[in-house]
Amino acid sequence: ANAGETFSRHTITNVQRGTGTLGGRVAPCAFLDLTTHLRRRVNDSDYDDQRETASTGTTARSAFMDGQRITTNEAMARVMLKPFRWLRPSFRYQLRGDDFATRAENEPVVKTGMLSHIYTADLFFQLIRDLSATASYSRQASTVTTPARLFQTAYTPAFHADVNTTLLVLDYTPSARWVMNSSFQYSWAENFN
């Protein structure tokens, strides 16, 4: 490579996205609410080179992606208690799998994945009519795998990305025209290894 090297490419990208959800909600009694769903998301990006020139002074071309398909499957279940009008604690569990299939130019498809178990506890309360608050704690226990886990010479194990998140939200609605809200979120992880 040198300073006078030039390269050009004209690419059209076709992106197709879709989400399908099937779920339900049951309230077997006045103080209990059960919600569940199954969801599938697909995000497919296909890059089609229309025109491409070789670099000046060399036949090398820059690396380029031909496409990527991200498929997410999720199952969720939530239990909400309603002991009082102003207090609503809930617990939610999500099982989520993300699969990535990436195609680099003139290379085979590389598949990676992430499996997550997400546990979330929420506490919603509204002591006065115009002011409500939500406190939430969530733990996402995730495992990321790549093809490098199969290499005999450079075995790279799965990565465990356990992340904890705390969220606090305040909403104040003094009138129908004015809404004030604030939120604070803090995440931490002990995943150096």
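I will try to describe carefully the structure that is included in this document. (Residues numbered from 1 in each chain as written. Predicted model: local features only at pLDDT ≥ 70, side-chain atom pairs only at ≥ 80, totals over all residues. Heavy atoms only, no water.)

**Some details on the side chain of Ser136**
Tracing the backbone shows Ser136 in strand S6 (residues 131–145). Classification of Ser136 by relative accessible area gives buried; the value is 13%. A distance of 2.6 Å separates polar atoms of two side chains, one belonging to Ser136 and the other to Asp122. With residues near it in sequence (within four places) discarded, Ser136 still touches Thr120, Ala121, Asp122, Thr165, Thr166 and Leu167. (Helix = DSSP H or I, 4+ residues; strand = E, 2+ residues; numbered from the N terminus. Buried < 20%, exposed > 50% of the residue type's maximum accessible area, 1.4 Å probe, protein only. Polar contact = N/O pair within 3.5 Å; in protein donor to acceptor, adjacent residues only side chain to side chain. Contact = heavy atoms within 4.5 Å.)

**Digging into the environment of Ser142**
Following the sequence through the fold, Ser142 ends up in strand S6. Between the C-alpha atom of Ser142 and that of His160, which follows or precedes it by 18 residues, the distance is 5.7 Å. Residue contacts for Ser142: discarding those within four places in its chain leaves Met114, Leu115, Ser116, Phe159, His160, Ala161 and Asp162. Side chain to side chain, Ser142 and Gln140 meet in a polar contact 3.2 Å long.

**Side note on the packing of aromatic side chains**
The geometry of an aromatic ring pair is captured by the separation of the ring centres together with the interplanar angle, meaning the angle of the planes. Going through the model one piece at a time under the given rule, you end up with four aromatic pairs. Relative to Trp188, the ring of Tyr186 lies with its centre 5.6 Å away and its plane at 25°, an arrangement referred to as stacked. An aromatic cluster is present here, built from Tyr137, Tyr186 and Trp188 joined pairwise through their rings. (Phe/Tyr/Trp six-rings, centres within 6.5 Å; stacked < 30°, edge-to-face > 60°.)

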